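Breakdown of the fold
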Amino acid sequence: MTAPGSAGLGFVTRVERSPYVGGGNRKDLLPLYLYEGERFFLHANRVGIKFAPEEDQRVDVFLRRRLEGFPEDEQPAALSGMAPRSTGVDLGVTYRYKQPWGTLHASFLHDVSSVSDGSELALEYSYDWRSGRWAFRPSVSISMRDGKLNNYYYGVLAGEATAARPAYAPGSGTNVALNLYGSYNLTERWRLLGGVSVTALDSRIKDSPIIRKGLQPSFFVGAAYDFGSYKEQLWADEKAPTYVRVLYGRAGADSCHLAKILTFKCADLDKTTPTSIAGVHIGKPFIEKLNGWPLDFVGYAGLVHHNDRNLQANGVQVDLFMKAFYYGFPWSHKVKTRLGWGLGVSYANRVPYTEASSQAARNRPTSRLLNYLDPTIDVSLGDLIGSRSLKETYVGVGVSHRSGIFGSSRLLGDVNGGSNYIYTYLEMKI
């Protein structure tokens, strides 16, 4: 994705050989949330702003989720009794220089989540090769990591030492990786993804009593749907309408999970701790009437306020998602009815109380960054009351759903659980 205003959704399944002794192979689901704007970008585990002083140069400033470490519930015997090594968040800057002979990248990253407080300087050379529907990118990278970063992920603290696992601090070191990434365009918008990587850890890291010897291989396969490749490019059209949605909702009962709500088996609200949300979502269309079908795609960004009823401090969440609307029902010519399904990412500055309390009761971790689902159903207010001026104003109900995809994704903090808020809304097309 390179065109300004383009967006995509997809997934990648990663399989890697754990660097930890006895860690075996680890599978990890990486949701792909993709957007490429004039200045803003979102690339799976990176979000940031970009500058292009020259056509062959680019500078990115970004936040990136570092997908390293091990969670508390997946510790091999060699790590028994050790504190989990969590995924952190880095603040980074990258300079890219692109020429016909290849592309050079220089990146500096520093942990700003107070997980490791470590830093890394990475240099990479890559070459892009295309033939028909195929695209490949081989690359080689060198990563120079400081002692704080390596000591956190690969060291053993004095309080964690045992007779078979002495205290150890590897200090700074340099890792080298060979990578090959590829893609195949199935259609104008669907793309298959794949790649393989082999990393050689610094010798001081491999001397750690918790790190296995040898190379660290990994590979991934996945697919992505590129909304931005669609020929109409409605998002970038200045005449494209804007959707404004205001909503209010209450937390669903803990036993009332999403599947039950969607199948109309449950709509109970949490009466013990009746927390609520109120917010605004702003949308722009990407595709209208896909292939002539009554199916539209709209991209949304929103801000939602959590009222946690003095159970904890209130917070806010930011939602970014793509949403499909189907409106081909037999009665839609009389009362236009839309069935919507949104998919994206949600970040909360504070884990909502309903998530924190339910996860604590199950002894499970929480995460401020989670997957976001937004199923809705609405009808035209204008059709209901016979007002042509309100035909593109909709009233409806929906579910604001945050989840960790059953603990399968390191990007989402290996969280198994989340929250459901059942809400009503008014949406205007202006």
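Here, every reference points to the structure presented above.
Below is a short write-up of the structure. (Residues numbered from 1 in each chain as written. Predicted model: local features only at pLDDT ≥ 70, side-chain atom pairs only at ≥ 80, totals over all residues. Heavy atoms only, no water.)

**A short note on the overall build of the chain**
The criterion, for reference: A run of H or I in DSSP becomes a helix once it reaches four residues, and a run of E becomes a strand once it reaches two; helices and strands are each numbered from the N terminus. Computation of the radius of gyration draws on C-alpha atoms alone. For the globule rule, the value is 2.2 Å times the number of residues to the power 0.38. By the counting rule applied here, Lys and Arg register as positive and Asp and Glu as negative, while His and the ends of each chain are not counted. Charge placement uses NZ in Lys and CZ in Arg. For Asp and Glu, CG and CD serve respectively.
Within the chain, the regular secondary structure consists of five helices and 21 strands. The C-alpha radius of gyration computed for the chain amounts to 24 Å, which stays within 12% of the reference 22 Å derived for 430 residues, consistent with globular compactness. In terms of its C-alpha atoms, the chain occupies a principal-axis envelope of roughly 75 × 60 × 35 Å. Across the chain, the mean location of the 49 positive side-chain charges is 3 Å away from that of the 41 negative side-chain charges.

**Side note on the sheet that holds strand S19 (residues 369-380)**
Cut-off, in case you're wondering: Pairing between two strands requires that DSSP report at least two bridges joining them. Angles run from 0 to 180 degrees between N-to-C directions of axes, and those axes are lines fitted to C-alpha atoms, restricted for helices to the stretch in contact. Contact definition: two residues touch when any of their heavy atoms are within 4.5 Å.
Taken in spatial order, the eight strands close into a barrel running S14-S15-S16-S17-S18-S19-S20-S21, and their pairing is antiparallel. Here the average twist between neighbouring strands, direction ignored, is 25°. Sheet analysis places strand S16 (residues 295-307) next to strand S17 (residues 315-326), joined by twelve bridges and oriented antiparallel. Bridge assignment links Val304 to a residue of S17, and that residue is Gln317. Set on the sheet, helix H4 (residues 353-361) makes contact with strand S14 (243-251), S19, strand S20 (393-403) and strand S21 (418-429); between it and S21 the angle comes to about 160°.

**Remarks on the pairing of strand S5 (residues 57-66)**
Side-chain positions along a regular strand alternate between the two faces of the sheet. As defined by bridge partners, strand S4 (residues 46-51) adjoins S5 across six bridges and the pair is classed as antiparallel. Looking at S5, one finds that Val47 is bridged to Leu63. Between S4 and S5, which follow one another and run antiparallel, lie five residues.

**Topic: H4**
What counts is decided by this rule: The rule is simple: take the accessible area with a 1.4 Å probe, protein chains only, and divide by the maximum for that residue type; under 20% is buried, over 50% is exposed, in between is partly exposed. This arc is built from the directions going out from the helix axis to the C-beta atoms.
Listed in full, the buried residues belonging to H4 are Thr354, Glu355, Ser358 and Gln359. All buried residues of H4 lie within an arc of 115° about the axis, which places them on one face of the element. Exposed and facing more than 90 degrees away from the buried side of H4 are Ala360 and Ala361. Asn363, located one to two residues past H4, shows a positive phi value of around 60°.

**Quick word on the packing of aromatic side chains**
Stated formally: Here is the rule: rings of Phe, Tyr and Trp (six-membered ring for Trp) pair when centre to centre is within 6.5 Å. Planes less than 30 degrees apart are stacked, more than 60 are edge-to-face, and the remainder are tilted. Note on geometry: a ring has a charge over it if NZ (lysine) or CZ (arginine) is within 6 Å of the ring centre and within 35 degrees of the ring normal.
In the structure shown here, the tally under the stated rule is 19 aromatic pairs. Relative to Tyr372, the ring of Phe321 has its centre 5.2 Å away and its plane inclined at 50°; by these criteria the two rings are tilted. Remark: Tyr372 occurs in strand S19 and Phe321 occurs in strand S17; sequence separation between them is 51 residues. With a relative accessible area of 5%, Phe321 lands in the buried category. Look at Tyr372 and you get buried, because its relative accessible area is 1%. We note Arg58 situated over the ring of Phe41; from NZ or CZ to the ring centre the distance is 5.5 Å. Looking at Arg338, its charged tip hangs above the ring of Tyr394, at a distance of 3.7 Å from the centre.

**Focus: the pattern of salt bridges**
Rule in force here: Take a side-chain nitrogen of Lys or Arg and a carboxyl oxygen of Asp or Glu: if they are within 4 Å of each other, that pair is a salt bridge.
Throughout the structure, instances matching the rule amount to 27 salt bridges. Of the charged contacts in the structure, one is a salt bridge between Arg46 and Asp60, with a shortest N-O distance of 3.8 Å. Of this pair, Arg46 sits in strand S4 while Asp60 sits in strand S5, and the two are 14 residues apart along the sequence. By relative accessible area, which is 6% here, Asp60 ends up buried. We note a salt bridge from Glu188 to Arg189, for which the minimum N-O separation is 3.2 Å. In this structure, a network of salt bridges that share partners links the residues Arg64, Arg66, Glu68, Asp90, Glu120 and Arg145.

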